[in-house]
Amino acid sequence: DAKPVETKKIPVGKNIFLEVQGEKRRVRVEAEVCLREGLLEQLMTRKRTKEHEAILAADIDARELHLALTLAGAEPGKTVQFRPKLVAPTGTSVKIFLEYKDKGKDLRVPAQQWIRNVKTKKDFHADWVFAGSVLIPDPFNKKNKPFYGANDGDVITVVNFEGACLDVPFLATKDNADLDFEAHTERIPALKTAVSVILEPVVEKKK
């Protein structure tokens, strides 16, 4: 019998791990539920930034999430462009799953199930793309490391942001009212529930 391939878990940064299982690579981020109802701009934010518009918050440096995704084979694309014309975010497609315990049971659901369209009440309809955020030089000291835009809170977004690390692969701007998303409250466990956010880049097999 073929033995199941063991999963190696390699820490990349605080609360961020690269998991390697044979050929497969994925990223695990330890987060917790910070919001269960209301309109969303993010699926996951960075702790102490935008918890009022994200379901999950993680105590991480988004720059290390970026690194972990590249180690898992994802390639950053471009964040949304607003000028000269609107261009949707690009990058390697990433499937996101949420793992948590409920009444002692281990559960795993696609992240889309916790987000729904305000108008249609349907589940969120897309995977995410690794837009890769932006580096912002320190205006006061060029020698300092540039600031990684997603550390402002736009780690995994459902509305396009110029600093997003992971964004949606379509134009979802703040003024597009048809694309308002809200937390699907009944499906989200209690506040402070620990959730592992599993990011699986969809990487083309090398020929």
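Check the entry above for the structure.
Not measured: the values here are computed from a predicted model. (Residues numbered from 1 in each chain as written. Predicted model: local features only at pLDDT ≥ 70, side-chain atom pairs only at ≥ 80, totals over all residues. Heavy atoms only, no water.)

### Concerning the pairing of strand 7 (residues 93-102)
Here is the key point about a regular strand: its side chains alternate between the two faces of the sheet.
Consideration 1: With two bridges joining them, strand 7 and strand 10 (residues 128-130) adopt antiparallel strand pairing. Bridge pairing links Ser-93 to Val-129 in strand 10.
Consideration 2: Where strand 7 and strand 16 (residues 194-201) come together, six bridges link them in antiparallel fashion. Among the inter-strand pairings, Val-94 is bridged to a residue of strand 16, identified as Pro-201.
Consideration 3: Where strand 7 and strand 8 (residues 105-110) come together, six bridges link them in antiparallel fashion. When the sheet's bridge partners are listed, Tyr-100 is paired in strand 8 with Leu-107.
Consideration 4: Linking strand 7 back to strand 8 in an antiparallel pair, the connection comprises two residues, with Lys-103 at a positive phi of about 50°. (Pairing = 2+ DSSP bridges. Helix = DSSP H or I, 4+ residues; strand = E, 2+ residues; numbered from the N terminus.)

### Brief notes about the nonpolar core
Consideration 1: If you look at the biggest cluster of nonpolar residues, it comprises 54 residues, and the most contacted ones within it are Met-44, Leu-56, Leu-65, Trp-128, Val-197 and Leu-199.
Consideration 2: Apart from the residues lying within four places of it in its own chain, the contact partners of Leu-56 are Ala-31, Glu-32, Val-33, Cys-34, Leu-43, Met-44, Thr-45, Leu-98, Trp-114, Val-195 and Val-197. (Core = buried A, V, L, I, M, F, W, Y, C linked by side-chain atoms within 4.5 Å. Buried < 20%, exposed > 50% of the residue type's maximum accessible area, 1.4 Å probe, protein only. Contact = heavy atoms within 4.5 Å.)

### Comments concerning helix 1 (residues 62-71)
Since the α-helix packs 3.6 residues into each turn, any two residues three or four apart lie on the same face.
Consideration 1: Along helix 1, the residues classified as buried are Ala-62, Leu-65, His-66, Ala-68 and Leu-69. Axial view of helix 1: buried residues confined to an arc of 165°, hence all on one face. (Arc of directions from axis to C-beta.)

### Regarding the packing of aromatic side chains
Each aromatic ring pair is specified by the distance between its two centres and by the angle formed by the two planes.
Consideration 1: Enumeration according to the criterion identifies four aromatic pairs in this entry.
Consideration 2: Arranged with centres 5.4 Å apart and planes meeting at 65°, the rings of Tyr-100 and Trp-114 form a pair that is edge-to-face. Taken as a pair, Tyr-100 in strand 7 and Trp-114 in the loop between strand 8 and strand 9 (115-117) lie far apart in primary sequence, 14 residues in all. Trp-114 carries the same exposure label as Tyr-100, and that label is buried.
Consideration 3: With a centroid separation of 4.8 Å and 75° between ring planes, the pair formed by Phe-124 and Phe-181 is classed as edge-to-face. On the criterion of sequence distance, the pair formed by Phe-124 in the loop between strand 9 and strand 10 and Phe-181 in strand 15 (residues 181-183) is long-range, its members being 57 residues apart.
Consideration 4: Relative accessible area serves as the criterion here: at 3%, Phe-124 is assigned to the buried category.
Consideration 5: Among the aromatic residues, those joined into a cluster by ring pairs are Phe-124, Trp-128, Phe-170 and Phe-181.
Consideration 6: The ring of Phe-161 carries the charged tip of Lys-50 above its face, separated from the ring centre by 4.6 Å. (Phe/Tyr/Trp six-rings, centres within 6.5 Å; stacked < 30°, edge-to-face > 60°. Lys NZ or Arg CZ within 6 Å of the ring centre and 35° of its normal.)

### Let's talk about the sheet that holds strand 4 (residues 39-40)
Consideration 1: Here we have three strands laid out as an open sheet, ordered 4-15-9, and antiparallel in their pairing. Two strands close off the open sheet at either side, each with one partner strand: strand 4 and strand 9.
Consideration 2: As defined by bridge partners, strand 4 adjoins strand 15 across two bridges and the pair is classed as antiparallel. Bridge pairing in strand 15 links Leu-40 to Phe-181.

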